[in-house]
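# Structural features, examined
Here is what each chain is made of, one letter per residue.
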Amino acid sequence: MLNDIALSIKSFLKSPDFLKSLLVTFGIVLPILIGIQLDMLPYFLSIAIGMFLTSGSDVPGSRRHKSIGILTATLIAVIATIATRLATDSYYLLFPVLALLIFSISFISVYGFRASLISFSGLLAIVLSFANKQIGSEIFIHGLLIGVGGLWSLLLSVISHSFIQKRQIENGLSDCLNLTASYIRLRGKLSIEDNTALKSEMYDLQVQINTIHESLRELLLNERKHSGLSNYKRKQLLIFIELIDMLELALANPANYQQINKIFDRHKDVIDPFIELVFELAKRLESLALRMQDGSRNVEHKDLEPLIFHCRINIQKYISEVKLPEAREGALFLHNLLDYEEKQLQKIQSIEIVFQDLEGQKSSELQGKAGKKFITQQDYDFNILKENFSFKSPIFKHAIRLTFAMLIGFSIGIIFSIQNAYWILLTIVVIMRPGYTLTKQRSKHRFYGTLIGAGIAVVVVLISQNTWFFAILSIVSLTLALSFIQKNYRTSSIFITTSVIFIYALINPNAFEVIQFRVIDTLTGAAISMLAISFIWPSWESFSVKFVILKALSTNRDYLKEINNFYHNESADLTKYKLARKQAFLEMGNLNAAFQRMNQEPKNKQQNLSKLYEIVGLNHTFLAATAALGTYVINNKTDKVSQPFEIVVETICNNLSQAIQILQHEQLSEDMANEKLSDAYEKLEMKFNELVAVRTKELEQEKEKPINPELRRNLQEARLISDQLKWLVTISGSLKKTVSDLEYKS
């Protein structure tokens, strides 16, 4: 237990979040110390504020993107600060200026994640401008010094970029190893138990994996696009590519409880070593993640060859007990499962080899120009603003909602003469998000964090009144608050509260009054946020879920089409296949996330929740079957494509196209004739039966004759492809029907 705690603390202290928070804290505290030393604190405090405001836009990415982000945040912060301070003399001027600034700054979030953080910097600048009472020329001096603080932030970011990015990549790869291990283990568990909770956990995990994959693509590929990769980063990219392939293999793994239970009902012990092998693979990945966190290059692992040998023995044992031909289906299933596990082991071994020589000079070749295609590029065209200037856009509604909420909060502060009323605005800015679920979650976390932080501050103030002690605690609290702000907002809220209270305790000897107003203002801001998200043009998930389903269906169809292309031509562009796979996986994660958000909304707003859950499950099953087909086609030399294969694939794509047409209220395309599909099924089955007949004849001539590897491969191909195609037809048909019901009821 103590070892686990020590390991967690060590991991946290080495994390890029903590290292970056140390850097930001240094960037804030240093100007303040210089200002105190030179007796010019108000001026250097403005620089510290500029550093604080712009540091949030310094998120993982290329040096160029980070620099542009910080400079943009700096410009917006300066303009917002000066404009707000100039308008404070008259409420008649201030309210329209605030409305225009808040809406405009929050609306730029349409340009994606980095833009949303730049927007957040601008909104914070508006809020913090009320904490400073400059007048006349002092307003412009304060604004310009905030700009200097932004440039100071840029300088620190540029200097620390390589070091911080290295830790971000290593931490990201370590997280990716752990998440992939969890996914592999979860798929193994689903092979032996049919558990709804496990399926929900798997959907959650998929969202997390997609997030970390996108982050690593940004870190590894964007930098490469502009300046090339060092051999060290090239090897890290190889590890990342192997992890993506492992995810596809894990998704393709036939974790079908019903099928396993049906085939091995009387021979449950046969499957045990296969499941044990899956769990051992997961452990091996977790061990590798631990070594990456430690910085150790020593890879220690259990030899899995005896377990693989045990699996092979169990296949023969099953065949000898059940006898052919009854044992054929189960034997092919076990062979396919073992093939999957051996491929996963090979990929883990490849990762281990690269990992052990990450810092070596041995060159690691990598095909170069396709990488940039995998980065999710953000389009900054002005037309995006025009297209989103409508109540159909969630960001547009959020910008209006946030504007109203902040104006209401500001009015309450004026009417009731609340001390530090800008804390209400600060709470609203921090809590409010475009969706109800995240706003509700952040409100709860902010509320609990504030109460806990206030409680801690009360105890500290009762124990000591030493100003140096308060100063040290405020710095430590700020560092910890910034460390947790992205990954654990509740914990971050605790340290934000303690930091603010200790800073004010340095100025105001009556610290308990500060604590009291901090709690009241936080509660007021949280209440306004929840009322606004619920009643001011609310953006319920049921309004937008149709478009998420639409994208998921479209990317599923594209993924299947690329598999079909590769099946026709083994020299086809593998990059196109991988891009289609990436998009299908991302949209699967987006659909899972949409369901999670809807599930946390008020019951009376959850339209078609059960149908959406069904679609999520069908989508995941469809992707699993598609991935199984894809991994086989990519990794094995297959026979010439038959006409029955073409007919079945056309049927599947047609089912998905019709589902899309239903969602878009378009006329449905023509169905494939049932007779044509039935004939295709018969011909696919006939091919398998012909191969079975060859094997049966061999056994008649020589009872114990081992199966020829080529014949076994052909049997596996015929069975797997036939089964997966039939399964995909069934699932795509179910998706079409469920989408039709969803559309009818909504």
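Quick note: structure is the one above.
A brief report on the enclosed structure follows. (Residues numbered from 1 in each chain as written. Predicted model: local features only at pLDDT ≥ 70, side-chain atom pairs only at ≥ 80, totals over all residues. Heavy atoms only, no water.)

## A look at the nonpolar core
With 118 residues, the main nonpolar core has Leu243, Leu334, Ile549 and Leu553 as its most contacted residues. For this core, the leading source of residues is helix α23 (residues 609-635), giving 14 residues. (Core = buried A, V, L, I, M, F, W, Y, C linked by side-chain atoms within 4.5 Å. Buried < 20%, exposed > 50% of the residue type's maximum accessible area, 1.4 Å probe, protein only. Helix = DSSP H or I, 4+ residues; strand = E, 2+ residues; numbered from the N terminus.)

## Structural notes on a nonpolar patch on the surface
Together, Ile34, Leu38, Met40, Tyr43 and Ile141 give the surface a local cluster of nonpolar side chains, amounting to about 420 Å² of exposed area. The residue tyrosine 43 is located in helix α3 (residues 41-55) in this model. On the basis of relative accessible area, tyrosine 43 is assigned to the partly exposed category, the value being 41%. (Patch = residues over 30% accessible without salt bridge, like charges linked within 9 Å, V, L, I, M, F, W, Y side chains within 5 Å. Areas by Shrake-Rupley, 256 points an atom, 1.4 Å probe, with all protein chains shown as cover. Salt bridge = Lys/Arg side-chain N within 4 Å of Asp/Glu carboxyl O.)

## Some words on helix α18 (residues 467-484)
Along its 18 residues, α18 runs 26 Å from first to last C-alpha, staying within 8% of the 26 Å computed at 1.5 Å per residue. Capping the start of α18 is the job of one residue whose side-chain oxygen sits 2.8 Å from the backbone nitrogen of tryptophan 468: asparagine 466. (Expected span 1.5 Å × (residues − 1). Polar contact = N/O pair within 3.5 Å; in protein donor to acceptor, adjacent residues only side chain to side chain.)

## Observations regarding the environment of phenylalanine 130
Its location among the elements puts phenylalanine 130 in the loop between α6 (113-129) and α7 (137-192). Expressed as a C-alpha distance, the spacing of phenylalanine 130 and tryptophan 423, which sit 293 residues apart in the sequence, is 9.7 Å. Excluding residues that lie within four positions of it along the chain, phenylalanine 130 makes contacts with Thr84, Arg85, Thr88, Leu94, Leu98, Phe410, Tyr422 and Leu425. (Contact = heavy atoms within 4.5 Å.)

## Observations concerning the packing of α3 against α7
Two elements in contact, α3 and α7, have axes whose closest approach is 6 Å; the angle formed by their N-to-C orientations is 55°. By the angle class used here, α3 and α7 are oblique. Remark: the crossing between α3 and α7 carries right-handed chirality. In this structure, α3 uses Tyr43, Ser46, Ile47, Ile49, Gly50, Met51, Leu53, Thr54 and Ser55 to contact α7, whose residues at the interface are Ile141, His142, Leu145, Ile146, Val148, Gly149, Gly150, Trp152, Ser153 and Leu156. Considered class by class, the residues forming the contact of α3 with α7 number 11 nonpolar, 8 polar and no charged. (Axes fitted to C-alpha atoms, helices over the stretch in contact; angles between N-to-C directions. Parallel < 35°, antiparallel > 145°, perpendicular 65-115°, else oblique. Left-handed = near helix turned anticlockwise from the far one by under 90°. Nonpolar A, V, L, I, M, F, W, Y, C, P; charged D, E, K, R; others polar.)

That's the geometry; what it means functionally is another story.
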